[in-house]
Amino acid sequence: MTIDPRRAYFDGIADRWDGWDDLDSPGFTLREGLRGFGVEAGERAVDLGCGTGNLTAAILALLGDAGRVVAVDFSPRMIALAAEKVRDGRASFLVADAAGLPLAGGSVDRIVCYSTWPHFTDHLAAARELARVLRPGGMLHVWHTSSRETINGIHVEAGGPVGADLLPPANELAAVVERAGFTVTEAIDAERYLVSARRTERS
């Protein structure tokens, strides 16, 4: 079986990941951004591409006792660090690929892909899988707190397995998720990047 070189890459940098950011400032940014998405207390959310769990913790901070977060990453080392950092009974942790999630259809209210979408190898397949697991009317957010140009420049400079992992213009991604069964509600491609979309009601 072929191993995705991206997985080995992220396993290799996982222990240094948090040291590359001032976690206090990004933490505030994450919480404020999530409030803007309208996260509600009782939701079941997926943090797809959770890394070391910073967004997972930010989502949990907005949920009540009934809320749940499923933190997913294809890097086993990232998941191990996230589970160690976020010791909360409302969170569960899965090693999985975006195009093949071990979750029941229509079982979640919201999926947040924070700083992870460029690393999905097939964007349409990933969007279709996310549409499968979201309930009708559930929300998807593809989100970066930096601009597309900044994100793409970081990946090109890093080279190797992630050198060609580029974020498409927001209007192009919006067209992809619409093909997968979503209605786009917001597309921002400026100093930050955001494509939000609602799962189309199933017949």
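Whatever comes next refers back to the structure up there.
Residues numbered from 1 in each chain as written. Predicted model: local features only at pLDDT ≥ 70, side-chain atom pairs only at ≥ 80, totals over all residues. Heavy atoms only, no water.

### Digging into unusual backbone geometry
Then, number 1: Its identity is not glycine, yet Ser115 carries a phi of approximately 55 degrees, on the positive side.
Then, number 2: For Ser115, the position within the fold is in the loop between β4 (108–114) and α5 (123–133).
Then, number 3: The partly exposed category is assigned to Ser115, whose relative accessible area is 30%. (Helix = DSSP H or I, 4+ residues; strand = E, 2+ residues; numbered from the N terminus. Buried < 20%, exposed > 50% of the residue type's maximum accessible area, 1.4 Å probe, protein only.)

### Some details on helix α6 (residues 148–158)
Three or four residues apart is the spacing at which side chains of an α-helix point the same way, because the helix has 3.6 residues per turn.
Then, number 1: Among the residues of α6, Arg148, Ile151, Asn152 and His155 are the ones counted as buried. Looking straight down α6, one finds its buried side chains confined to an arc of 95 degrees; they lie on one side. Within α6, the exposed residues directed more than 90 degrees away from the buried face are Glu149 and Glu157.
Then, number 2: Looking at the buried side of α6, the elements it contacts are β5 (134–144), β6 (182–189) and β7 (193–199).
Then, number 3: Note on α6: the residue one or two positions beyond its end, Gly159, has a positive phi of about 65 degrees. (Arc of directions from axis to C-beta. Contact = heavy atoms within 4.5 Å.)

### Points about the pattern of salt bridges
Then, number 1: Summed over all chains, the structure comprises 11 salt bridges.
Then, number 2: A salt bridge links Arg6 to Asp4; the shortest N-O distance between them is 3.5 Å.
Then, number 3: Asp15 is the salt-bridge partner of Arg77, the closest N and O atoms lying 2.7 Å from each other. Here the residue Arg77 occupies a position in helix α4 (residues 76–85), and Asp15 occupies one in the loop between α1 (5–13) and α2 (24–37), the gap between them amounting to 62 residues.
Then, number 4: Note on Arg77: relative accessible area 32%, which makes it partly exposed.
Then, number 5: Classification of Asp15 by relative accessible area gives exposed; the value is 52%.
Then, number 6: One continuous salt-bridge network, built from bridges that share partners, spans Asp4, Arg6 and Asp165. (Salt bridge = Lys/Arg side-chain N within 4 Å of Asp/Glu carboxyl O.)

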